[in-house]
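The primary structure of each chain is shown beneath.
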Amino acid sequence: MSNAAKPPRDPDAVHYERLLAEAARFKGVSPWQDAWKRVRRNRAAMASLLFLGLLGAITLFTSLLPLQSPIRQDLETRQYLPPNIAPVSLGLRETLASDNPNAYSQRVSSLWYQPDLFDRTLIRLRVALFGDWCIPSICGTDNLGRDLLARLVWGGRVSLKVGLVATFVSLVIGVTYGSVAGYLGGVTDSVMMRFVDILYSIPFIFIVIFALTISNEESIKQTLLNYGITKIVLFYVLIGAIYWLTMARVVRGQVISLRNEQFVDAARVIGASTPRIIFLHLVPNVLSIVIMYLTLTIPSVILYEAFLSFLGMGVEPPEASWGALASDGIRAITSIRIYWWLVVFPGLALALTLLALNFLGDGLRDALDPRLRNR
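Residues numbered from 1 in each chain as written. Predicted model: local features only at pLDDT ≥ 70, side-chain atom pairs only at ≥ 80, totals over all residues. Heavy atoms only, no water.

Notes on the environment of L224
No. 1: Mapped onto the fold, L224 is located in helix α10 (residues 218-226).
No. 2: Residue classification places L224 among the partly exposed positions, given a relative accessible area of 22%.
No. 3: In this structure the C-alpha to C-alpha distance between L224 and L234, which are 10 residues apart in sequence, comes to 9.2 Å.
No. 4: Beyond its immediate chain neighbours, meaning those up to four positions away, L224 contacts S215, I229 and L234. (Helix = DSSP H or I, 4+ residues; strand = E, 2+ residues; numbered from the N terminus. Buried < 20%, exposed > 50% of the residue type's maximum accessible area, 1.4 Å probe, protein only. Contact = heavy atoms within 4.5 Å.)

Regarding the packing of helix α9 (residues 204-215) against helix α11 (residues 231-242)
No. 1: Where α9 meets α11, the axes come as close as 11 Å, and the angle between the chain directions of the two elements is 165°. With respect to α11, the axis of α9 lies roughly antiparallel. Remark: the crossing between α9 and α11 carries right-handed chirality. Along its contact with α9, which presents F204, V208, A211, L212 and S215, the element α11 presents K231, L234, F235, L238 and I242.
No. 2: Grouping the amino acids of the contact of α9 with α11 by side-chain chemistry returns eight nonpolar, one polar and one charged. (Axes fitted to C-alpha atoms, helices over the stretch in contact; angles between N-to-C directions. Parallel < 35°, antiparallel > 145°, perpendicular 65-115°, else oblique. Left-handed = near helix turned anticlockwise from the far one by under 90°. Nonpolar A, V, L, I, M, F, W, Y, C, P; charged D, E, K, R; others polar.)

Considering the nonpolar core
No. 1: The biggest cluster of nonpolar side chains holds 36 residues, and the ones touching the most others in it are L148, L152, I302, W322 and L342.
No. 2: Within the residue set of this core, elements represented by two or more residues are α2 (31-41), α3 (43-60), α7 (148-184), α15 (287-310), α16 (322-332) and α17 (341-368).
No. 3: Take this core: its biggest share by element is 12 residues, from α17.
No. 4: Excluding its chain neighbours within four sequence positions, the residues that come into contact with L152 are C139, W322, L325, F345 and P346. (Core = buried A, V, L, I, M, F, W, Y, C linked by side-chain atoms within 4.5 Å.)

Shown next as structure tokens:
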């Protein structure tokens, strides 16, 4: 008994199967994956990203590094020392081995300014790893005999923290304000943006200086401390409240171009609320522009903090920032003697960081621009 002949296959079905098999060999690439590939091809952006990542790790784990004390003073033997490689001892191991349980804590407090639990843990690990050995004063010392390298690294933590926190504040305010104005449109948009125009006309530098000056008054300072608001926290809020204006305008323009797209209409049809459409559908689609603009805002914020610290309105001693260190170096320069290391090293740290952030911003701008995708 012979088998029945198989019916011939549909040529269209065979063609479709071939197309599906060929398509299965190609893996789709999301816009973010494509942007990352293009960033990796940009050598300047990648070098800047690696530099900023290394700088962030160093400032975060500063307490673990074998640095000298950033606040210990020695006016007799170490004042205005030029860069040198003379050995320096920290003097913590003997205190750690003593029978007095409070001696170690007191010694740590005398060598570091108000270390928290995280820094205290890293300091104890640092002593276990490196003992009392410290990196020599390869960047010299200041007018009080303090090691400049240690103050540069600790000051970098303050400067980067101000840049990141203040930029985050401007991000939250600017993205929320701009997306709401752009989506609602009409009279609401006009009123909200005229308010932004009014704020643009205000010289914020004088307002910030005035607010920081008022906050130094003892009764106001104590009242703020009762609510947990220190000068540095006020500093974050004030600077962040300045830089949200441009962010709001940028986000508003992007939302206006997207609010009539089909995916927004589909969200309205299924009954999505206005906040859901704004924050779950529109804001994610403008993140590429926001991320690019953030890399340009952080340098501006760091430079603004350096300017205020240079005027003496920034962080309070004995804490340090790059702007405050540069200001101290300028004051130490006289017509008789120039202590060049007090200006060169803080300025170099600030310049390299700002340059890396700008290179990274340029690379992200090119990578996230869809018009440059095939170039």
